[in-house]
Amino acid sequence: MSDALPPQVRLANEIAVQFAHLPPAEGASRVAKHMRDFWEPRMLRSLLAYKDAGGEDLDPLAAAAAEQLRQPA
């Protein structure tokens, strides 16, 4: 992982670590819920744009959560 990650990617990855002990589907759901509950819309849009651009440094659980963010809550 790069040391110069965008803040939303760094935060998404840190959140994903907190839910890594759960089954992947449940972990991704919990990460997505946390983001919906606490992140500003512009942070969510920025994360989705990063993922759409390749998202190479995004934790797999955070990437799965980002996909869930595209769905209505």
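Calculation rules
- Residues numbered from 1 in each chain as written.
- Predicted model: local features only at pLDDT ≥ 70, side-chain atom pairs only at ≥ 80, totals over all residues.
- Heavy atoms only, no water.
- Helix = DSSP H or I, 4+ residues; strand = E, 2+ residues; numbered from the N terminus.
- Expected span 1.5 Å × (residues − 1).
- Buried < 20%, exposed > 50% of the residue type's maximum accessible area, 1.4 Å probe, protein only.
- Arc of directions from axis to C-beta.
- Contact = heavy atoms within 4.5 Å.
- Polar contact = N/O pair within 3.5 Å; in protein donor to acceptor, adjacent residues only side chain to side chain.
- Salt bridge = Lys/Arg side-chain N within 4 Å of Asp/Glu carboxyl O.

This paragraph deals with helix α1 (residues 7-18). Compared with the 16 Å implied by 1.5 Å per residue over 12 residues, the 17 Å span of α1 between its first and last C-alpha is a close match. If you check which residues of α1 are buried, you get Q8, V9, A12, N13, I15 and A16. Axial view of α1: buried residues confined to an arc of 160°, hence all on one face. With respect to the buried face of α1, the exposed residues turned more than 90 degrees away are P7, V17 and Q18. In the core, the buried residues of α1 are packed alongside α2 (24-38), α3 (41-52) and α4 (60-69).

Mapped onto the secondary structure, Q8 falls in helix α1. The class of Q8 is buried, set by a relative accessible area of 11%. Side-chain polar atoms of Q8 contact the side chain of S46, separated by 2.7 Å. Every residue in contact with Q8, bar those within four places of it in the chain, is listed here: W39, M43, S46, L47 and Y50.

Counted according to the given criterion, the structure contains 7 salt bridges. Of the charged contacts, one joins E40 and R42 as a salt bridge, the two residues approaching to 2.6 Å between their closest N and O atoms. Residue classification places R42 among the exposed positions, given a relative accessible area of 58%. Where D52 meets R70, a salt bridge forms, and the shortest distance between an N and an O atom there is 2.4 Å. With a gap of 18 residues between them, D52 in helix α3 and R70 in the segment after α4 connect regions that are remote in the sequence.

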